[in-house]
Every structure is written in structure tokens, then in C-alpha cells.
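# Summary of structural features
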Amino acid sequence: MTAEIDSAPERGGLRLTTAQVRLASGLVLYAFAATHFLNHALGLWSFEAMQAMQDLRTAITRSRPGTALLAASATVHGLLGLWRFLQARTWQLGWRNVVQLLFGLLIPIFLIRHVFDLRGVHEAFGVADTYAYALWAMWPGSAWNQAILMLLVWVHASIGLHQWLLLKPWYRRTLWLWYAYAVVVPALSFAGFVAAARTQPLRPAFANPFGPGADYGVIERAIAQAELAYAAILGGAAAVWLALVLASRLRPRVAVRYAGGPTVMAPRGMTLLEVSRANRVPHASVCGGRARCSTCRVRVIEGLAEQPPPSEREARVLRWIAAPANVRLACQLRPSASLAVSTLLPAGIDAARGAPADPFRWGVERVVTVMFADLRGFTRMSEGKLPFDVVFFLNQFLGRMAEVIEDSGGFVDKFMGDGIMAVFGMDPPAGRSAAPEGGGGARQALAAARGMSGVLAALNQSLREDLPEPLAMGIGIHTGPVILGRIGATPRSDQVAALTALGETVNLASRLEGLTKDRGVEAIVSAAALAAAGAPPGEALERAELPVRGMRQPVPVWIARRATDLPDGAAGPVAGALPA
Ligand code: FES
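Residues numbered from 1 in each chain as written. Predicted model: local features only at pLDDT ≥ 70, side-chain atom pairs only at ≥ 80, totals over all residues. Heavy atoms only, no water.

## A few points about the side chain of Thr 479
Within the secondary structure layout, Thr 479 lies in strand S9 (residues 472-487). Separated by 2.7 Å, the side chains of Thr 479 and Thr 369 make a polar contact. (Helix = DSSP H or I, 4+ residues; strand = E, 2+ residues; numbered from the N terminus. Polar contact = N/O pair within 3.5 Å; in protein donor to acceptor, adjacent residues only side chain to side chain.)

## Quick notes on the nonpolar core
Ranked by internal contacts, the top residues of the largest apolar core, which has 46 residues, are Met 371, Met 452, Ile 475, Ile 477 and Leu 566. If we skip the residues at most four places from it in the chain, Ile 477 touches Thr 369, Val 370, Met 371, Ala 445, Leu 446, Ala 449, Leu 512, Ile 524, Val 525, Ser 526 and Ala 529. (Core = buried A, V, L, I, M, F, W, Y, C linked by side-chain atoms within 4.5 Å. Buried < 20%, exposed > 50% of the residue type's maximum accessible area, 1.4 Å probe, protein only. Contact = heavy atoms within 4.5 Å.)

## Details of the packing of aromatic side chains
A complete count under the given rule lists 11 aromatic pairs for this structure. On the basis of an interplanar angle of 75° and a centroid distance of 6.2 Å, the ring pair of Trp 139 and Phe 193 is categorised as edge-to-face. Of this pair, Trp 139 sits in the loop between helix H6 (131-138) and helix H7 (143-165) while Phe 193 sits in helix H9 (residues 175-199), placing them 54 residues apart in sequence. Among the residues examined, Trp 139 registers a relative accessible area of 23% and is labelled partly exposed. Take Phe 193: its relative accessible area is 1%, and that puts it in the buried class. Ring geometry for Trp 170 versus Trp 178: centroids 6.1 Å apart, planes at 55°, classification tilted. (Phe/Tyr/Trp six-rings, centres within 6.5 Å; stacked < 30°, edge-to-face > 60°.)

## Quick look at helix H10 (residues 217-250)
Along its 34 residues, H10 runs 49 Å from first to last C-alpha, staying within 8% of the 50 Å computed at 1.5 Å per residue. When H10 is considered as a whole, its buried residues turn out to be Ile 219, Ile 223, Tyr 230, Ala 237, Trp 241, Val 245 and Ser 248. Looking at the packing, one finds that the buried side of H10 touches helix H4 (64-87) and helix H5 (95-125). (Expected span 1.5 Å × (residues − 1).)

## Quick notes on a nonpolar patch on the surface
Together, Leu 44, Val 183, Val 184 and Leu 188 give the surface a local cluster of nonpolar side chains, amounting to about 340 Å² of exposed area. Under the relative-accessibility criterion, Val 183 is labelled exposed at 56%. (Patch = residues over 30% accessible without salt bridge, like charges linked within 9 Å, V, L, I, M, F, W, Y side chains within 5 Å. Areas by Shrake-Rupley, 256 points an atom, 1.4 Å probe, with all protein chains shown as cover. Salt bridge = Lys/Arg side-chain N within 4 Å of Asp/Glu carboxyl O.)

## A look at the confidence of the model for the protein
With 87% of its residues at a pLDDT of 70 or more, the protein shows a mean pLDDT of 83. When mean pLDDT is taken per element in the protein, strand S11 (residues 523-526) scores highest with 96 and helix H1 (residues 2-7) scores lowest with 42. Long-range and interchain partners of residues 1-14, a stretch whose pLDDT sits below 50, account for 31 contacts in this model, where long-range means more than four residues apart. pLDDT under 50 marks residues 350-357. Its contacts with residues more than four places away, or in other chains, come to 17 contacts. (pLDDT = per-residue confidence, 0-100.)

## Some details on the sheet that holds strand S1 (residues 254-258)
If you walk across this open sheet you meet the five strands as S2-S1-S5-S3-S4, and the pairing is mixed. The outermost strands of the open sheet, each flanked by one partner alone, are strand S2 (263-266) and strand S4 (327-329). Within the sheet, the average angular offset between the axes of one strand and its neighbour, ignoring direction, is 35°. Of the strand pairs in this sheet, S1 and strand S5 (residues 339-343) are connected by three bridges, and their pairing is parallel. For Val 256, the partnering residue across the bridge sits in S5 and is Leu 339. The sheet strands contacting helix H15 (residues 387-407) are strand S3 (297-302) and S5, and the helix crosses S3 at an angle near 95°. (Pairing = 2+ DSSP bridges. Axes fitted to C-alpha atoms, helices over the stretch in contact; angles between N-to-C directions.)

## What about unusual backbone geometry?
The omega torsion across Trp 139 and Pro 140 is 0°, close enough to zero to call that bond cis. Tracing the backbone through its elements, the reader meets Pro 140 in the loop between H6 and H7. Unusually for a residue other than glycine, Ala 291 sits at a positive phi of about 55°. Residue position: Ala 291 is located in the loop between helix H11 (272-278) and S3. In this structure, Ser 294 takes a positive phi of about 75° despite not being glycine. By the element assignment, Ser 294 lies in the loop between H11 and S3. Relative accessible area serves as the criterion here: at 5%, Ser 294 is assigned to the buried category.

## Side note on the packing of H7 against H9
The geometry of a pair of packed helices is captured by two quantities: the angle between their axes and the separation between those axes. At their nearest, the axes of H7 and H9 sit 11 Å apart, and the two run at 165° to each other. With respect to their mutual orientation, H7 and H9 come out roughly antiparallel. The interaxial crossing formed by H7 with H9 has right-handed handedness. Residues Ala 143, Gln 146, Ala 147, Met 150, Trp 154, Ser 158 and His 162 of H7 touch H9, and the partners they reach there are Leu 175, Tyr 179, Tyr 181, Ala 182, Val 185, Pro 186, Ser 189, Phe 190 and Phe 193. Looking at the contact of H7 with H9 residue by residue, the class counts come to 12 nonpolar, four polar and no charged. (Parallel < 35°, antiparallel > 145°, perpendicular 65-115°, else oblique. Left-handed = near helix turned anticlockwise from the far one by under 90°. Nonpolar A, V, L, I, M, F, W, Y, C, P; charged D, E, K, R; others polar.)

## Some remarks on the pairing of S9
Across a regular strand the side chains alternate sides, sitting on one face of the sheet and then on the other. For S9, the tally of buried residues reaches 12 of 16 residues, placing the bulk of the element in the interior. Note that strand S6 (residues 364-376) and S9 share 13 bridges and pair antiparallel. Residue pairing across strands places Leu 375 opposite Met 473, the latter belonging to S9.

## Some words on the pattern of salt bridges
Overall, the coordinates contain 16 salt bridges when judged by the stated rule. The partner of Arg 299 in a salt bridge is Asp 407, with the nearest N and O atoms 2.8 Å apart. Within this pair, whereas Arg 299 is found in strand S3, its partner Asp 407 is found in helix H15, the two being separated by 108 residues in sequence. The class of Arg 299 is buried, set by a relative accessible area of 6%. For Asp 407, a relative accessible area of 18% translates into the label buried. As a salt-bridge pair, Asp 413 and Lys 414 come within 2.9 Å of each other at their nearest N and O atoms.

## Quick word on the packing of H4 against H5
In the contact formed by H4 and H5, the axes pass within 11 Å of each other and the chain directions differ by 145°. Like other packed secondary-structure pairs, H4 and H5 cross with a definite hand, here left-handed. Contacts from Thr 67, Gly 81, Leu 82, Arg 84 and Phe 85 of H4 reach H5 at Asn 97, Gln 100, Leu 101, Leu 105 and Arg 119. Each residue belonging to the contact of H4 with H5 can be placed in one class, and the counts come to four nonpolar, four polar and two charged.

## Some points on the side chain of Arg 299
A polar atom in the side chain of Arg 299 sits 2.8 Å from the side chain of Asp 407. Ignoring anything within four residues of it in the chain, the contact list for Arg 299 reads Asn 326, Val 327, Ala 340, Val 341, Ser 342, Leu 344, Glu 403, Glu 406 and Asp 407.

So this is what it looks like as C-alpha cells:
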């Protein structure tokens, strides 16, 4: 789906977003750079072939339309790059974004001399800047300048291309080929440049390359002016950026509370994704914050009305995934007031869309909390009802329960008829935590169970006219090690397989849920889960050692007649409080 988001047409005619313009101008520049590099590489083979391809290229790039397109692309791409830099409120943008940005800003410093030394002398003095002339002018004095320029351009462009194509299945399938291409092209290019320079008898042909009376000082002065102008632009942009960052630090901060995670204070002006990165809160962002993938989406639990409305670009992505009104893209939302959110995709999905480091692709062992919840007496209740009514009731129940689970920081593993399996604590805890292993997930699960019980009571109230008797449910919770892995995709499949949890912990949670029916209670929580949450059980819970099928020893548990009786866990890693 994400690839389609990127290429989906706007409603109501052609309206390009800045990201699309930046991408289009970048592709024009990439085409110029790639053919330029391949042109150099021909030097390994034949100087004549090198020059023949150069003639072909310049016929296009030096034509009026070609020159206009290149100049416009370079200007627009540069300005939009600077604009993106000005919008960032932190350097914690992800290493790829930082390298791409820095390399992009450095390119003009090395490019100015290159352009004036070749195209500049061509325009000023009518010099035929053939390869023979270019190599004479640059070898060996400017060889390092040339090498650094090639490196900056290629790395900047390759990162941009990778971030864009990562969402496309055919690219992920052939990733190894693209990595090889990204290394081989610049290597061959520089080798071709060196080989041609070392084999050509250049100097005698260019004893007086600019013609009689030509003053090369004109070019030197133009280079100095261009370098000065760029330094002024860079300095001005850096000053504006610093002022904006300082201003945002001085303004009142907003509190961001992550469901089942920390509460952090953040300056206004940062995107929610920047806030997550700055505070090391795991947060999926496959496209690197470019509003292309939707994996950074969050549900805003509190404070939605006080937030700025989605931009056209964000709204377009949200429309595309049919997101409900309380879902926003973290990479686009700049909170203007305190809010509480729950991330909707595990942070591991970042790599899972195709990068080889997918932590779940081959399975990982992790201590998590598993919850099973099941609707009681649904079969009896659905007798005599129209199929439409049955599906409506079930969707009401499951939809509300899934929302509570996600808002508590959990991940809905699967729906099973009228039941749900959920996993809590899949992402490693943010920062250092003194809590026992799996503690964060256990606290989230207890909070979810309490919330689910409350939602069920409200649902029963709103549906009381239609229900022969109130809906009831059973919840089983256990904390322990599981295998988290992607199950169900063939190695050649384009689809990312569903993430699921496997192991004894899952079986035990399921059996505890089954026991709630025998005991006529709403929740049974293993003692291990309660201990992990750091939660004193309180007087409403009953301690028991229950025989469980498949277990040699009785399992110590805590029984809650109502899930709302379950205790709150120990305080999580809270760095601030949500102001009233
Ligand atoms: S849409 Fe991709 S990170 Fe936000």
C-alpha cells in the first residue's frame, strides 16, 4: 500500500506537494549525475568512447531546454533542501537523514569551482571543454576535489533514492543489486577519470586554452563571488535555524504522553516523530519522515482538538489508509498542545518492510506479556439474530477492545472468532529502565484489561435494548519469554508476513483465559505477570494455585472477579506529567 500512497494522484486535479517537487527535481539531478559518472567510467575502456558519450550528453544538457531544466532542478532542489533543514528542530532525524542533509549542504562548496572551471570557461571564452580539456584542467591538482564532490553527490543521491524506493516490492527484492550498483558506479567512475588522465598527453594541447587576451581572473572572481554568496546563504540559514530552535525552546513546552510508555516534555515546533527520536521512544518510520509510508501513525487519545489540522499531504496519506479521525502521522504532526498518543505499529516494522535487519524476520526471543480475551455466551446470544446484527455486535466488541489494547501500548496479534490475542512490551524499553524484564508490557496489559472491562460495561449499557443479557468476557494474562517472528510469508513473497508470538507463555495465557469461564470471573493473571508489573495485588484479588492443562505444577495466579479490580503497576519511566 505504501508505494501507492506515494504515487496516488491528488483529488481534484494535479496538485504537487513540496515533497513531490523535491523528488522530481532530485531525479533530474540524479539522472545528470549518474550519466556523468558512467561517462567517466568509459575512460577505463577508451578515451574516444568517453568523449563520444560526452558529446551526446552535452547535446542534451547544453541545449536551452536541458540547461533550463538542470538550472531549475538545482535551484528548486537546493531551496527545498534548505527549507527542510529550517523545519527540523533537532539533529536526531535518523542517521540517513542527517548524512543526506549534511552532504547535500556541502555539495555546492565543491561544485562551484567544478562548474566555473568547465562550463564557465566555455560560456566566457568559448573554450571547447572536451574531456581532454577537463582532464588537463583538473588533473592532478583538483583530483581530490573531484573525488570528494563525487562522494558527496553519490551518497546524498543514493540515500534519497533508497528512501524513496524502499517502499516498492521490486526494489526490496533486488536490494543486493542496488547496493552493488551504489558502490560500483562511483568506483568505476573515479577509476575511469584517473585512467584517462594518466594516459592522455594533455598539456601540450592546452598551452593557451582561453585564447588571446582572455582573462582567467574573471572566472576566479566569479568563483569567489559564488562561494561568498553560498556561504552567506548557508550562514543565514544556520542563523535562522538557530533562532527558530531557540524560540521553540523558550516557548511553553507541551507534554507528550505515550500510552504504556513515558511522558516527555517537548518544545513546540518539533514533529511528534522528532519528539520520539529525541527521547529514544521506539517509533516506526519506514520512509524516514517523508509522509509516504504511514508507519509512524499514532492514535491521539487526548488533546486531539487542540492540535493543528493535518496538512494536505498528511490528509492525503490518511485518506489513502482510511484512517479514523483520531489517527495522525507522527512525522507531520507538530503538537501545539499537550497530548496523549499510542503508536499503532511496532517500531520493528521500520526494518521489516524490506531492510535485511528486520529483527522479527527470523524470530527473536523476548519477554512480553500475552493477553487472551474472549466474549462469553456469544453463540447463545447470536441465535435467532440476523447475520448483519451478529457481525455488527462482534465488530462493536472487537473494535472497541482492539482500540483499548492499542491505546495501552499493546499489539493485536490476531482476532479469533469472538476472541482477541494481544501482545504487550514487544519493543525494547526506552532508555534505561530499572523495572523487571517485561515490566512495561505487564503494566500495559493490566491497564488494557481494566480499560476493556470499563468499555464492556459501557457497551452493555448502550446496547441494553438489543441484548437478551449483558455481554461478558474472560481475560487471561501471563508474562514470560516468547518467540516473536513473521509467520506465513514465502521467501519470494512481496508481502510482509504477519508478526506473531509463539511459545509456552502464549499457551499459558490462553489457558488462564479458559479458566475464567470455569471460575465465573472476568480475569485471571499469572503471579509472574503481576510481579513483573510491580503491582501489589490489593484486597480485591484472590490468590490461588490452579492446575493448568499441560503444566506439571499448579500455576500461581491472581483471580479478579472484575478486571477493573486489577491493580495499577509500578510507575513507568515518566519524565514529566501531562498538565491539566
Ligand atoms: S509517513 Fe513515513 S515516517 Fe511518517
